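A closer look at the structure
Listed here are the chains, written in short residue letters.
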Amino acid sequence: LIAFQITVQQFTYSQVRDFAESVLGLKVSDGEIVNILADEAEKLKPARDGILKRIRDGVAVHADETGWKNAESQSLSAPEGAGDWAWALASTSTEDVIFALGKARSKENARASLGHDFQGIGVTDDYNAYKHLFAPGNHALCWAHPDRKLRDLKNSRVFSKTKRERCHETSERFGVLYAKVRETRSLPFDTAERKRITQKLKKEFAAIASSDSRDPAKLASIKRRLMEQKNCYFVCLENPSIPPDNNRAERELRHLVIKRKKSFGSKTSKGADVLSVLYSVTMSLWRRSKRDFFSSYATAASGAMG
C-alpha cells in the first residue's frame, strides 16, 4: 500500500503518515517508510528486470528525460552517473515502462538502461544524447516537438513584423505537413504506395526546412536541425508500428513531474535507485490493469513475475 501511495498516488511522506493514522489506526515514522520502500524495491527487482528485458526485446522504445533533483549528486561520495535527471524508457506496444531517477543527462545513462546491443527503433525528441544511441535508420524523431517549437516562435513578440511573418509561414506549412503524415499513417499500409507518398512528403519537408536569408536566427537554427535529421522524421511512415510522436514517454514523465513538485526529488542516490525500481514496476502494472493492480503487485513482489 505504501509503495502504491508513494508512486501511483504521488503521496508525500506526511500524507502516508496521515492516512495510516487516520484510516488504519497505525503510526508510521519517516524512517519506517524509507525501510519499507527499500524492502519492497528489493523484492521487486526481478520484476523490474523482466520489464526491462521485454522492452529491450521489443520492436521499438520511447525515450525521454526530465529533471529529478538528487541532493547527493554534487557530493564527492556520489556514485558514477549520478545527477539531477530522470530517464524513462517506454514500450511502443505494451504498457511496460522503466525509470532511472537521479542520473546525469548523458547518453551513457540512457544506454545503461537500453543496453549496448539494442537493435530496435528508438522514438525520441532531438536531444543530442539520442543521436548515436540507435543503429543507422532506427532512430525515429517526434514531429510534435518541432511543431511546438515553431508555434511558439510564430507567437513570439520579440521579432519585427517581417521576421514574425517568416516564423508564421514556416509554422503553418510544417503543421500542414505534420497533418499529412498523420493522415498517411491512417491509410492501409501498402509498401509501394507508402514509399511514393513518403518521397513526396520528404520533398515538402526539405522545402520547408530550407534556409532563407530572411529567417531570424532561432528559426534558422530549427531549420538546420530539421535538415540534418530529415530521414529520422519519416521512420514513422516507413514502419507502420512506429508513431509520429513521443507522447507515450511524455505521458509517463508527466506523472513523475507531479511527484517531483511534491517531493522535490531524492535526498540520496540510493533513495533515487529505490524509487526507480518502485516506479518501473508499479506504473507498468497500473497502466496494464488498475483492477488487478494489487494482485499483480503481490505476484511481482513474490518473485513469480519475471
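Keep in mind that this is a model prediction, so the values were computed, not measured.

**Some thoughts on the overall build of the chain**
Per the secondary structure count, the chain includes 12 helices and 5 strands. Reported as C-alpha extents along the three principal axes, the dimensions of the chain are approximately 65 × 45 × 40 Å. Of all 306 residues assigned to the chain, the portion counted as buried reaches 49%. Counting only carbon and sulfur atoms, one obtains 52% of the accessible surface of the chain, whose full area is about 15300 Å². Here the chain carries 52 positive and 38 negative side-chain charges, and the mean point of each set is 5 Å from the other.

**Topic: the nonpolar core**
L44, F99, L101, L256 and L278 are the most contacted members of the largest nonpolar core, which has 53 residues in total. Element by element, the count of residues in this core is highest for helix α11 (residues 269–288), at 10 residues. The contacts of F99, once residues within four sequence positions are left out, are R48, W87, A88, E252, L253, L256, S276, Y279, S280 and M283. Counting residues in hydrophobic clusters, the runner-up holds 31 residues, among them L141, W143, F234 and I242.

**Focus on the packing of helix α5 (residues 144–154) against helix α6 (residues 161–185)**
Here α5 crosses α6 at 150 degrees, and the two axes come no closer than 8 Å. If you check the angle between α5 and α6, you find them roughly antiparallel. Remark: the crossing between α5 and α6 carries left-handed chirality. Within the contact between the two elements, α5 uses A144, P146, D147, L150, R151, L153 and K154 and α6 uses R164, C167, H168, T170, S171, E172, F174, G175 and Y178. Broken down by class, the residue content of the contact of α5 with α6 amounts to 7 nonpolar, 4 polar and 5 charged.

**Brief notes about the state of the cysteines**
All told, the structure shown has 0 disulfides when counted by the stated rule. C142 takes part in no disulfide bond, and the closest cysteine sulfur to it belongs to C236, at a distance of 9.6 Å. For C142, a relative accessible area of 1% gives the class buried.

**Side note on the packing of aromatic side chains**
One pair of aromatic rings is described through two measures. These are the centre distance and the angle between the planes. Scanning the entire structure with this criterion turns up 18 aromatic pairs. When the ring of W143 is compared with that of F174, the centres are 5.3 Å apart and the planes differ by 35 degrees; the resulting orientation is tilted. Of this pair, W143 sits in the loop between β5 (139–141) and α5 while F174 sits in helix α6, placing them 31 residues apart in sequence. In this structure, W143 and F174 share a single accessibility class: buried. Ring geometry for W143 and F205: centres 5.7 Å apart, planes at 80 degrees, overall edge-to-face. Separated by 62 residues along the polypeptide, W143 in the loop between β5 and α5 and F205 in helix α7 (residues 191–209) bring together distant segments of the chain. Both residues of the pair, W143 and F205, belong to the buried class.

**Some thoughts on unusual backbone geometry**
Of note in this structure, Q10 is not a glycine but carries a positive phi near 60 degrees. Checked against the element boundaries, Q10 lands in the loop between α1 (2–7) and α2 (13–23). We classify Q10 as buried; its relative accessible area is 10%. The phi dihedral of F264 falls on the positive side, at around 65 degrees, and the residue is not glycine. One can find F264 in the loop between α10 (247–263) and α11. F264 sits in the exposed class, given a relative accessible area of 64%.

**A look at a nonpolar patch on the surface**
Together, L1, V23, L24, L26 and F294 line one region of the surface with nonpolar side chains, adding up to about 480 Å² of accessible area. Mapped onto the elements of the fold, V23 is located in helix α2.

**A closer look at α6**
With 25 residues, α6 ought to run about 36 Å at 1.5 Å a step, and its terminal C-alpha atoms sit 36 Å apart, in line with that. Listed in full, the buried residues belonging to α6 are R166, C167, T170, S171, F174, L177, Y178, V181 and T184. As for α6, its buried residues are in contact with α5, α7, α8 (217–228) and α9 (235–238).

**Notes on the sheet that holds strand β2 (residues 82–91)**
The strand order β3-β2-β1-β4-β5 describes an open sheet built from 5 strands, whose pairing is mixed. Of all strands in the sheet, those with a lone pairing partner are β3 (97–103) and β5, marking the two edges. Strand-to-strand twist across the sheet, computed as the mean angle between neighbouring axes with direction ignored, equals 25 degrees. Pairing geometry for strand β4 (residues 121–124) and β5, over 3 bridges, is parallel. Within β5, the residue paired with T124 across the bridge is L141. Running at roughly 40 degrees to β2, helix α4 (residues 107–114) makes contact with β1 (60–67), β2 and β3 of the sheet. Running at roughly 25 degrees to β1, α10 makes contact with β1, β2 and β3 of the sheet.

Cut-offs and rules
Residues numbered from 1 in each chain as written. Predicted model: local features only at pLDDT ≥ 70, side-chain atom pairs only at ≥ 80, totals over all residues. Heavy atoms only, no water. Helix = DSSP H or I, 4+ residues; strand = E, 2+ residues; numbered from the N terminus. Buried < 20%, exposed > 50% of the residue type's maximum accessible area, 1.4 Å probe, protein only. Areas by Shrake-Rupley, 256 points an atom, 1.4 Å probe, with all protein chains shown as cover. Lys, Arg positive; Asp, Glu negative; His and termini not counted. Charge placed at Lys NZ, Arg CZ, Asp CG, Glu CD. Core = buried A, V, L, I, M, F, W, Y, C linked by side-chain atoms within 4.5 Å. Contact = heavy atoms within 4.5 Å. Axes fitted to C-alpha atoms, helices over the stretch in contact; angles between N-to-C directions. Parallel < 35°, antiparallel > 145°, perpendicular 65-115°, else oblique. Left-handed = near helix turned anticlockwise from the far one by under 90°. Nonpolar A, V, L, I, M, F, W, Y, C, P; charged D, E, K, R; others polar. Disulfide = S-S within 2.5 Å. Phe/Tyr/Trp six-rings, centres within 6.5 Å; stacked < 30°, edge-to-face > 60°. Patch = residues over 30% accessible without salt bridge, like charges linked within 9 Å, V, L, I, M, F, W, Y side chains within 5 Å. Salt bridge = Lys/Arg side-chain N within 4 Å of Asp/Glu carboxyl O. Expected span 1.5 Å × (residues − 1). Pairing = 2+ DSSP bridges.

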